Amino acid sequence: MADKLQELKAWVKSCAELCQPDEIVWINGSEEQKKRLEREAVASEEIVALHPKKLPGCFWHRTAINDVARTEHLTYVCTRKKEEAGPNNNWMSPREAYEKASEYFRGSMKGRTMYVIPFSMGPVGSIFSKVGVELTDSRYVVLNMLIMSRAGDAVLNQLKKKPEFTKCLHSKAELDITKRLILHFPEDNTIWSVNSGYGGNVLLGKKCLSLRIASHQARQEGWMAEHMLIMGIEEPNGHIEYIAAAFPSACGKTNLAMLIPPSGLKRKGYRIWTVGDDIAWMRIDTDGSLWAINPEAGFFGVAPGTNMKSNPMMVKTIKKNTIFTNVLLKPDKTVWWEGADGPVPLKGTDWQGRPWQPGMTDEQGKPILGAHPNSRFTAPIVNCPTASFRLQQHHGVPISAIVFGGRRAHLAPLVYQSFNWQHGVFVGATMASERTAAQVGKVGEVRRDPMAMLPFCGYNMADYFSHWLGMGAKMTNPPKIFHVNWFRTDENGKFLWPGFGDNLRVLEWILERCNNTAGAVKTPIGYIPKVNEIDKRGLHLPKENMEKVFSISRKEWREELKGIKEFFREFGEDLPDELWQEYKALKKRLGGA
Ligand code: GTP
Ligand code: SPV
Ligand code: MN
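Summary of the structure given here. Keep in mind it's a predicted model, so treat the numbers as computed, not measured.

Right, let's get into the coordination of the manganese ion (ligand 3). Taken together, Lys207 (NZ), His227 (NE2) and Asp278 (OD) make up the protein donors of the manganese ion (ligand 3), found 2.2 to 2.6 Å from the metal. The site at the manganese ion (ligand 3) holds six donor atoms, and with the angles between them running 62 to 173°, its shape is irregular. Written as a sequence motif, the donor arrangement for the manganese ion (ligand 3) is K-x19-H-x50-D. Placement of lysine 207 in helix H8 (residues 205-221) and of histidine 227 in the loop between strand S12 (224-226) and strand S13 (229-234) is noted, with a sequence separation of 20 residues between them. Here lysine 207 and histidine 227 have matching classes, each one buried.

Let us now look at the packing of helix H12 (residues 421-429) against helix H17 (residues 577-590). Running from N to C, H12 and H17 cross one another at 90°; their axes reach a closest spacing of 9 Å. Regarding the angle of H12 to H17, the classification is roughly perpendicular. Only Glu578, Leu579, Gln581, Glu582, Tyr583, Leu586 and Arg589 of H17 make contact with H12, whose side of the interface consists of Gln422, His423, Val425, Phe426 and Ala429. Residue composition of the contact of H12 with H17, by class: six nonpolar, three polar and three charged.

Under the definition given, this model contains 36 salt bridges. When the shortest N-O distance is used, the salt bridge between lysine 34 and glutamate 38 registers 3.9 Å. Taken together, the positions of lysine 34 and glutamate 38, both in helix H2 (residues 31-43) and four residues apart, correspond to about one turn of that helix. Salt-bridge contacts for lysine 206 lead to aspartate 278; the nearest nitrogen and oxygen are separated by 3.0 Å. Here lysine 206, found in helix H8, pairs with aspartate 278, found in the loop between strand S15 (271-276) and strand S16 (280-284); they are 72 residues apart in sequence, far enough to count as distant. Comparing lysine 206 with aspartate 278 shows no difference in burial state: the two are buried. Connected via shared salt-bridge partners are Lys206, Lys207, Lys253, Asp278 and Glu296.

Rules and cut-offs
- Residues numbered from 1 in each chain as written.
- Chains lettered and ligands numbered in written order.
- Predicted model: local features only at pLDDT ≥ 70, side-chain atom pairs only at ≥ 80, totals over all residues.
- Heavy atoms only, no water.
- Donors = N, O, S within 2.8 Å, 3.2 Å for Na, K, Ca; no water.
- Tetrahedral: all angles 85-135°; square planar, octahedral: opposite > 155°, others 65-115°.
- Helix = DSSP H or I, 4+ residues; strand = E, 2+ residues; numbered from the N terminus.
- Buried < 20%, exposed > 50% of the residue type's maximum accessible area, 1.4 Å probe, protein only.
- Axes fitted to C-alpha atoms, helices over the stretch in contact; angles between N-to-C directions.
- Parallel < 35°, antiparallel > 145°, perpendicular 65-115°, else oblique.
- Contact = heavy atoms within 4.5 Å.
- Nonpolar A, V, L, I, M, F, W, Y, C, P; charged D, E, K, R; others polar.
- Salt bridge = Lys/Arg side-chain N within 4 Å of Asp/Glu carboxyl O.

Quick look at the structure:
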């Protein structure tokens, strides 16, 4: 055994020399070790144990006040050549990055333990899966990684067979935002993260490995790493069709992945199976189709707004063995957030650790929130009542349709289908979402977020688009590509489409298109359903809403072309010609001035 794990041990040793922990502990994945870590983390006040009966196995954690979301401006892709990272990434040379971060890591674990977490993204041993080892001085990170990935000795055994792994080094150091760096070295299969303790910055198996590093590997190895949910839709005869969908953050991936069929469609007997809510790894199999797995083993979902009405399956999922981060702690050792079920608690401890009561306001008179808007829960997928029975299968699930989507008050209709794969890649590459009032910047301003991957693509996005085009050419039976928009509004800013469970009506048409059982109307932007092809039983939606939600304004689309052109130009010569061809074809179809 010793020989096979030599590289791993040498690397752990060198990192320990740099960070100088008092002690090194290997995470073996046992229940006993996990319980010990929980006890230690409670004793050190990193976490608070929640009510043993109401929330068994659950804990509450707060991060530093300036450490509550991914910090994209401190996130770098460090390749030897700057062009490799592309205009979509911050870039630093590997030499500068290692030197700079080494200063922050030096001695950062003095007085602390360094945990060695061997983890697998994807079922251990699956052809899809990748192994990583994260070194961290945070027990909170260890406890989260035990939920989000498959971690422990089984992974070490796997490493003996194939000693390839992503070297992930994390230290919370002083949690100093002026020294915070999230560094990716795709050429070295290495990730360094320092001075943060928040989710996507420190659970290095998630966005850092499964998207930024994996997207780079996927291009080289001929597969795809995407910011997509995966769900199965079971028909009454037991046949299940799977779709993968890419929506930017806060555009409803988690909601769609565990959708509840609306009452009007219940009679059809559909069942929804949740495979994943954030990341999909996809490969072409011998049948010429695209197959996908969710590399994660847990959900790291947004808490505010989660309730029995918006997402009953998630409410059930987070009743046990869940870590709550930056939500409100109630005196009875349960938790609450804005938009939770039940009455607003009379008092509690807010996400900043201060005493909280409803109605409190800050100096500007704005309400003080009990939970941070980006507060999250970490919960095992197996807790979810709709968890797919194929989660552990090494083969993944076959993908019939890829669905792109954004938050667009105007422009994009409820659903449209691309003409073919190449046009579908154009649809994904030109995806955009509008800013809401809650975000900095001009309200309604369109932000381009191709394939919902802008913050997560670990290389030049122009090459990423080429890779997408190339994958399509290799498949004999590629998924059909669609675009949805649940967020279209009327003149008064009211949503035209009820969304949530009713989105199944749209998915039904999508699947019928995949099986060639539904017709469509050809428009300049793609195919849309014929008037009666969306099942409206039990929907009770005014006819004019239906018309508005499918209306396509040539004038608005011609305006949109300008934004697309500007965006494409950022990639210069690198942008694949096929995308300019699609741009010109769309322009021609739209006609006019
Ligand atoms: P990340 O975890 O950050 O990647 O985000 P996500 O894509 O999983 O988004 P999430 O499900 O957390 O975002 C949900 C937000 O979208 C909430 O504000 C929901 O109320 C809203 N939402 C979800 N589905 C619908 C829908 O069909 N219609 C409308 N109007 N809102 C929706
Ligand atoms: C996202 O921001 O898209 C997330 C949360 O899923 S994080 O893991 O922090 O990236
Ligand atoms: Mn996400």
